[in-house]
Each structure stands twice: as C-alpha cells, then as structure tokens.
Amino acid sequence: MRAGRVGHEGGDPSAHGRPGGHDGRRPGSPGIDVSALVRLRARHPEAVAEAAARRPRRPLLDDTGRLMIVAADHPARGALAVGDRRFAMANRADLLERLCLALSRPGVDGVLATADILDDLLLLGALDHKVVLGSMNRGGLAGASFELDDRFTGHRPRDIERLGFDAGKLLLRIDYDDPGSLRTLESTARAIDEMAERRLPVFVEPFLSRRRADGRLVNDLSSDAVIKSIAIASGLGGSSAYTWLKVPVTENPDDMARVMETSTLPAVLLGGDVGEDQEGAYEKWRGALQFPTVQGLVVGRSLLYPADGDVTAAVDTAVGLL
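Rules used throughout
Each chain has its residues counted from 1, following the order in which its sequence is written. Residues qualify for local features only when their pLDDT is at least 70, as the model is predicted, and side-chain atom pairs are given and counted only at 80 or more; totals for whole chains, interfaces and linings, by contrast, use all residues. With hydrogens and water stripped out, all remaining heavy atoms of the structure feed into the side-chain values. Helix numbers and strand numbers start at the N terminus; a helix is a DSSP run of H or I with at least 4 residues, a strand a run of E with at least 2. The rule is simple: take the accessible area with a 1.4 Å probe, protein chains only, and divide by the maximum for that residue type; under 20% is buried, over 50% is exposed, in between is partly exposed. Only heavy atoms enter the contact rule, under which two residues are in contact if any of them lie within 4.5 Å. Each reported salt bridge corresponds to a side-chain nitrogen of Lys or Arg within 4 Å of a carboxyl oxygen of Asp or Glu. By definition, two strands form a pair when at least two bridges between them are found by DSSP. To pair, rings of Phe, Tyr and Trp, with the six-membered ring standing in for Trp, must have centres within 6.5 Å; the planes then decide the type, stacked if under 30 degrees apart, edge-to-face if over 60, and tilted in the middle.

K.L.:
Describe in detail the overall build of the protein chain, supporting the description with residues and values.
P.N.:
Looking only at helices and strands, the protein chain features eleven helices and nine strands. Across the 322 residues that make up the protein chain, the buried fraction comes to 56%. Sequence separation of at least 24 residues holds for 72% of the intrachain contacts in the protein chain that already meet a minimum separation of 6.

Take a look at the structure:
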C-alpha cells in the first residue's frame, strides 16, 4: 500500500447496498480498513497533502449543468442524530462506507464535509474526479447557548486553495433579536470576499432563526423568512461573482416560485433531516428543481441514512430528480 491511499477491505464500496445497522452504529465496517487508515494517519500525516496534490480534478459543473453533492459536515457541530437515532452519524467507519457508496453512484458529483472526513476520503482515494466542498464554519454547536455564534472553525479559504478543493460552504443563521448576528454577518461577508479573491465558489446557506420559549433554536421556513434570508445573503461581500446559495424548500412548496425570484445567484437545494417521509422530500425537491436559478441538490442525512436503510436506492432516486 502506497502512502496516501487506503484500500477498501470489501473491494468495490458500491457492493454494500445497506451499510450499517438500523441505528446507524456498529463496531466496525467491513468496507473500510480502519486499522490501515489509522496507521497511515499516525505514521505518514503528510499523506493527506500528498493525496490532495495528486487528486484528479474536474470542473464544478459538468456538461449536464447540474450538481448532486452529498453532505456530511454535521458531526463537527455535534449534530449526530438522524430522526430518532441520536448517534446515527457517530460511527466514523460506517459513515465513510456510506459516503464511499454514495460517491460511487452514477450522477453523484461530489461531497461537502469538514477536514477530518475529507482527509479520510482523500486517503481512501474516494475524491478523484469529484467536486469537493470544504465546510467553513462549525462553531455554532447544535443545542449550545452560543449556537448562533457560528464562528469559522473549519476550512479557511487558504486551506481550500492549498488542498485544491473546488469550493467552500458556510452557514448563515440570523436572529433579529440577537445583536451577535451582526458579527456573524460581517464575518460571513469577509469570508465571501476571501473566497472571491481566490476565484473560489462559496455556497452560502442562509436562514432567519429564532429561539423558542424552551431555548431551542429553530429556522423559519416560511416563504417570507426564506425570501428575506436570500436577499440578505445575496448582498454580502464586495463581489457576488463566486457566491452560490444553498436554500431550503419552504414549508409550503408552492411558495418556491416566489422565493426563487429573490436573487439571480445560482442555487442548490438543501435536504435536511426528512424523517420517515422520504417520498415527500423527493416531491418537494422535484418541484423546486424546475426553477431557473436552482442548479442541483446538496443532501446529506436523508440519503446517507434513509429510513429503509437502502443508501443506493435513495441516492439513485435523488440523482434521477436532476
């Protein structure tokens, strides 16, 4: 085994159609050689940079003009739950197997994740000819009192440039009752500027958020709130030339036509945790994908951890919507 690439014990990762148990956790994954991966990390940490340097790249958009990105940056915010499975994403070998399977499916363009996960995927050779998005701000830990203070604790623009990744993604949650949101807006704008200076696309995921009486932070998915969040995000920074939007489907999917008229920036739809209603999610995405600014999907938990456990079917169905 050469430094910088760890093989799959089970051969082609696409052979594992239903990775993991129902709760998403198990002692290990037959498709990922964890011992070899850890050994390489411990003895040859430079292998990550070497794997990034030799990674074959591709344009952000191919001839189809559509994007299908699998998201897996949730664990870095302590958001490990999928539906009622509180620690579904806590088994890293299982998550990596699911990601490798998803990335092996026809029509899947790439992945969005934090450095730890992308480094693993680089060492596994799973990112060749894929679009790679680095997750930039993960400081707003899920459920924390400081959740809205979502600082840039992940990939910096210079990291994305150094590693030869293709874009970045940042989360922008704004609470009109929280003065700290102004600091969030300013730091987001400066990150957009730094990405534009490097001619690197950045996907901005905006929400208007609020605290409930029990202290829990929730995102407002009404059409008025999503329209306002898109308008705010579109105007940040000194240039919008490299800014993309990552937007939710509104509570009433019929409102999406009006919502997507708010900006001319290219956009992708986010997935979120759809629970048991996988078919309902597909229908919402199918309708919203018809609008001219919508270029694709960035979906994570609902494809990696579908209710029926069939990752292959979930991914292939999402690709078919494009």
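K.L.:
Which residues make up the environment of R156, and what are the values?
P.N.:
Inspection of the secondary structure puts R156 in the loop between β3 (131–135) and α5 (157–162). Of the residues examined, R156 reaches a relative accessible area of 38% and is grouped as partly exposed. Residues R156 and S135, 21 residues apart in the sequence, show an inter-C-alpha distance of 8.7 Å.

K.L.:
Outline the pattern of salt bridges, supporting the account with residue identities and numerical values.
P.N.:
One pass over the full model with this rule turns up 24 salt bridges. Note that D166 is salt-bridged to R55, the shortest N-O span being 3.3 Å. One end of the pair, D166, is in the loop between α5 and β4 (167–174); the other, R55, is in the loop between α2 (47–54) and β1 (67–71), with 111 residues separating them in the sequence. E205 is the partner of K169 in a salt bridge, and the nearest nitrogen-oxygen pair spans 3.3 Å. Within this pair, whereas K169 is found in strand β4, its partner E205 is found in strand β5 (residues 202–211), the two being separated by 36 residues in sequence. Classification of K169 by relative accessible area gives buried; the value is 2%. Residues joined in a network through salt bridges with shared partners are D73, R138, K169, E205 and K246.

K.L.:
How would you summarise helix α4 (residues 115–123) if you had to cite specific residues and measurements?
P.N.:
Among the nine residues that make up α4, seven are buried, leaving the element largely enclosed by the rest of the structure. Among the residues of α4, those classed as buried are I117, L118, D119, D120, L121, L122 and L123. Looking at the buried positions of α4, the neighbouring elements they touch are α1 (34–43), α2, α3 (92–104), β2 (110–113) and β3. Positive backbone phi, at 75°, marks G125, one or two positions downstream of α4.

K.L.:
Can you break down unusual backbone geometry residue by residue, with the values?
P.N.:
One non-glycine residue with positive phi stands out, namely H129, at about 60°. Examined against the element boundaries, H129 turns out to sit in the loop between α4 and β3.

K.L.:
Explain the pairing of strand β8 (residues 267–270) to me, using residue names and the numbers behind them.
P.N.:
Alternating positions in β8 separate into two faces, A267 and L269 on one and V268 and L270 on the other, with burial throughout. As paired strands, strand β7 (residues 243–247) and β8 are joined by three bridges and run parallel to one another. Directly across from V247, in β8, lies its bridge partner L269. In this structure, β8 lies alongside strand β9 (residues 294–299), joined through four bridges in parallel fashion. Bridge pairing links L269 to L297 in β9.

K.L.:
Report on the packing of aromatic side chains, specifying residues and quantitative values.
P.N.:
For the structure on display, the rule yields two aromatic pairs. Between Y282 and W285, the ring centres sit 5.8 Å apart and the planes meet at 70°, which makes this aromatic pair edge-to-face. Here Y282 and its partner W285 are both found in helix α9 (residues 278–288), three residues apart, which amounts to about one turn of the helix. A residue is classified by how much of its surface remains accessible, and Y282, at 4% relative accessible area, is buried. Given a relative accessible area of 3%, W285 falls into the buried group.

K.L.:
With reference to specific residues and values, describe the pairing of β5.
P.N.:
The element β5 is largely enclosed, with a buried count of eight among its ten residues. Two elements, β4 and β5, share seven bridges in a ladder whose sense is parallel. Bridge assignment links L171 to a residue of β5, and that residue is E205. As paired elements, β5 and β7 share three bridges and run parallel to each other. By the bridge assignment, V202 is partnered in β7 with T243. As defined by bridge partners, β5 adjoins strand β6 (residues 217–219) across three bridges and the pair is classed as antiparallel. Counted as the bridge partner of S209 is N219 from β6. Hairpin connection between β5 and β6: a loop of five residues separates the two successive antiparallel strands, and G215 in this loop has a positive phi of roughly 90°.

Remember, this is a structural readout, not a statement about activity or role.
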